[in-house]
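# Geometric and topological summary
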Amino acid sequence: MRPKLFDPENILLRFAVLSDCHLGMEPGADDEKLQKLLHTFLHMAGGARQLPAVVIAGDLTKRGTSPEIRRCGKLVREVIDPELTELFVTPGNHEVHKGAFVKWNPYYAELGDLVYRHPLCPGRYRCADGRLKQEYFRSWNFIHGNYHTVICGFHFISVFDYDNDNFPSDLLWLYRQMKLAQEDDPEKPIFVFGHCHPQDTCYGSFQVKRWEIYKHEYHWTTNNLCHVLNRFPQAVFFSGHTHFSVADERSIWQRGYTSINTGSSSYLSIEEGYTQNGNSQEFEDSHRVSNGLFVEVDDLFRIRVTRVTPMAQGEYGEAIKQPWMFPTMRSRDMAAYTDQRGRSKKRPFFPSVQAYVKPEGKVGPRTADLLIRFGTASDPSDMVHHYEVRIIEDGTRKTAACAKKLAPFYLYPQPEEQMPVEEQFVRLGTDKLSPNTPYQVRVTACDSWGNESVPLMWDFRTPNR
């Protein structure tokens, strides 16, 4: 008999994680998504007494203004009871402005008893009260949003992180807090929350996009946080910021520690370069996608993470794909969710009834303008992520034109089972052809790891003139 990966009958801790809610002053769909997710988490936990924490890993609001934060608090209080469930918040880039988290902490000012309820005593394992609690509220770490508490015997740590590098003072504070948590119980996981992914870990962290904002480079990731986290294999770090899809299995990564992408409860972003989004990370379907995470720990400190979408019919949301389950890592040798997953899985394929390609349009001596129709591929071990359509010179194998089309996996809780089997099409044009030369249209289905199907092919030759 195979050993259990997780024991649902003996759960010690349940909590929820969201990020990038982007709530503004006007009522709208984002309010409904957030509240439906909160109702779903309460339902999954079995009631408010079984859900001691809801974590927001940054970007609770659109602009970080005091009225917006107050309004968010009102929306949260309509669903959760602050006496039973603590709101655990991390600063995001949308909150850091005009002195926020530099001169004062706007979360505490506007959310009151929802947040920062039980800060840990400096250098101790118990939560502070009285004078020590007031000392924390006067400290730089409090103003910066750094917070360490213990919930149901497990350490929760929020660290201020921003694009590019973390402040050395925050890194030193984080190291000391994690060392304290490790000394308290080296067998238990340490849950850490920030807004930006550590670079080159989970999905979204390896596409570092830079552009000029306020005369400095802006990154999607934090570059030096890993120097602390790599010392603690039992660390489980949750972060958002990129809004990338949690349906992509690269959203969990393990090596020296565990890094998990939290997606967004507001809208989806994805890499540039697909026919749906071009040079933008948003596209037509972006606001149809939303998600949160529900985390459980059993009595052997094994962890189960269920991805949840509120974009489902009915009162509650729906689970996305299968949960991630893993033991608390005590060394990097225990890592299960590594990059090796992509190398060992099966490739996508076109079933026989879908294995066709039908280009339509005009081909000249040097130009082509084609509408390329083709079938829907399948993936036996995960899901089709996108299709690549190329025009290739038959002799040299040089690519004359290329387009990539996303499969609509992000719209369906169980993508491989629910994605519609329908004819796909991509428009492809080029003016880089040579007269009287053989070419080939090649259509390939790809998974998110870069594994490619056997291509569909259609040959043609350009005319002399």
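First, a word on scope: everything that follows refers to the structure included in this document. (Residues numbered from 1 in each chain as written. Predicted model: local features only at pLDDT ≥ 70, side-chain atom pairs only at ≥ 80, totals over all residues. Heavy atoms only, no water.)

### A few points about the nonpolar core
Quick note on the threshold: Here, the term nonpolar core denotes a set of buried Ala, Val, Leu, Ile, Met, Phe, Trp, Tyr and Cys residues that are joined through side-chain atoms within 4.5 Å. When a residue's accessible area, from a 1.4 Å probe over protein chains only, is under 20% of the maximum for its type it is buried; when over 50% it is exposed; and in between it is partly exposed. The helix and strand labels rest on DSSP assignments: H or I over at least four residues marks a helix, E over at least two residues marks a strand, and numbering proceeds from the N terminus. We call two residues in contact when some of their heavy atoms are within 4.5 Å.
Counting residues in each nonpolar core, the largest one holds 61 residues, and the members touching the most others are Phe15, Tyr116, Phe156, Phe191 and Phe238. Of the residues forming this core, the biggest block, 6 residues, is contributed by helix α1 (residues 29-45). Setting aside its immediate chain neighbours within four residues, Tyr116 contacts Glu86, Val89, Phe101, Asn105, Tyr107, Tyr108, Lys133, Tyr136, Phe137, Phe142, Gly145 and Tyr147.

### As for the state of the cysteines
This is how it is decided: In plain terms, two cysteine sulfur atoms within 2.5 Å form what is called a disulfide here.
Scanning all chains against the criterion turns up 0 disulfides. Between Cys196, a free cysteine, and Cys202, which holds the nearest cysteine sulfur, the sulfur-to-sulfur gap is 11 Å. What makes Cys196 buried here is its relative accessible area of 1%.

### Here we look at the sheet that holds strand β21 (residues 424-430)
Rule in force here: By this definition, two strands are paired if DSSP reports at least two bridges between them. The axes are straight lines fitted to the C-alpha atoms, using for helices just the contacting stretch, and the angles between their N-to-C directions are given from 0 to 180°.
Across the sheet, 3 strands lie side by side as β17-β18-β21; this open sheet has antiparallel pairing. Two strands in the sheet have a free side with no partner beyond their single neighbour: β17 (357-363) and β21. Neighbouring strand axes in the sheet, compared pairwise and without regard to direction, differ in orientation by 15 degrees on average. Taken together, the 7 bridges between β17 and strand β18 (residues 368-374) define a ladder with antiparallel strand orientation. Looking at β18, one finds that Val363 is bridged to Ala368.

### So, the sheet that holds strand β11 (residues 235-239)
Spatial ordering of the open sheet is given by β4-β5-β6-β11-β13-β12, a layout of 6 strands whose pairing is mixed. At either end of the open sheet lies a strand with only one pairing partner, and these are β4 (147-151) and β12 (252-254). When strand polarity is set aside, the average angle formed by the axes of neighbouring strands in this sheet is 20 degrees. On top of the sheet, helix α6 (residues 168-184) reaches β4, β5 (154-158), β6 (190-193) and β11; it is set at about 175 degrees to β5, its chief contact.

### Digging into the packing of aromatic side chains
The test is simple: Any pair of Phe, Tyr and Trp rings, taking the six-membered ring for Trp, is counted once the centres come within 6.5 Å. Such a pair is stacked with planes under 30 degrees apart, edge-to-face with planes over 60 apart, and tilted for the rest.
Applying the stated criterion to the full structure yields 32 aromatic pairs. Measuring from centroid to centroid gives 6.2 Å for Phe15 and Phe193, while their planes differ by 85 degrees, and the two rings are edge-to-face. Of this pair, Phe15 sits in strand β1 (residues 11-18) while Phe193 is found in strand β6, placing the two residues 178 residues apart along the sequence. Summarising the burial analysis for this pair, Phe15 and Phe193 share the class buried. An angle of 25 degrees between the planes, with centres 5.7 Å apart, marks the rings of Phe156 and Phe193 as stacked. With Phe156 in strand β5 and Phe193 in strand β6, this residue pair connects regions lying 37 residues apart in the sequence. Per residue, the accessibility class of Phe156 equals that of Phe193, and both read buried.

### Section: the pairing of β18
Among the 7 residues that make up β18, 5 are buried, leaving the element largely enclosed by the rest of the structure. The pairing of β18 with β21 spans 7 bridges and is classified as antiparallel. Bridge pairing in β21 places Leu371 opposite Arg427.

### Description of the packing of α1 against helix α2 (residues 66-77)
Put simply, the rule reads: An angle counts as roughly parallel when it lies under 35 degrees, as roughly antiparallel when it exceeds 145, as roughly perpendicular when it falls between 65 and 115, and as oblique in every other case. Note on convention: the crossing is left-handed when the near helix lies turned anticlockwise from the far helix by less than a right angle, right-handed when the turn is clockwise.
Between α1 and α2, the least distance of the axes is 10 Å, while the angle of their chain directions is 40 degrees. Between α1 and α2, the angle falls in the class oblique. The handedness of the crossing between α1 and α2 comes out as right-handed. Listed contacts from α2 to Asp31, Leu34, Gln35 and Leu38 of α1 are Arg71, Leu75 and Val76.

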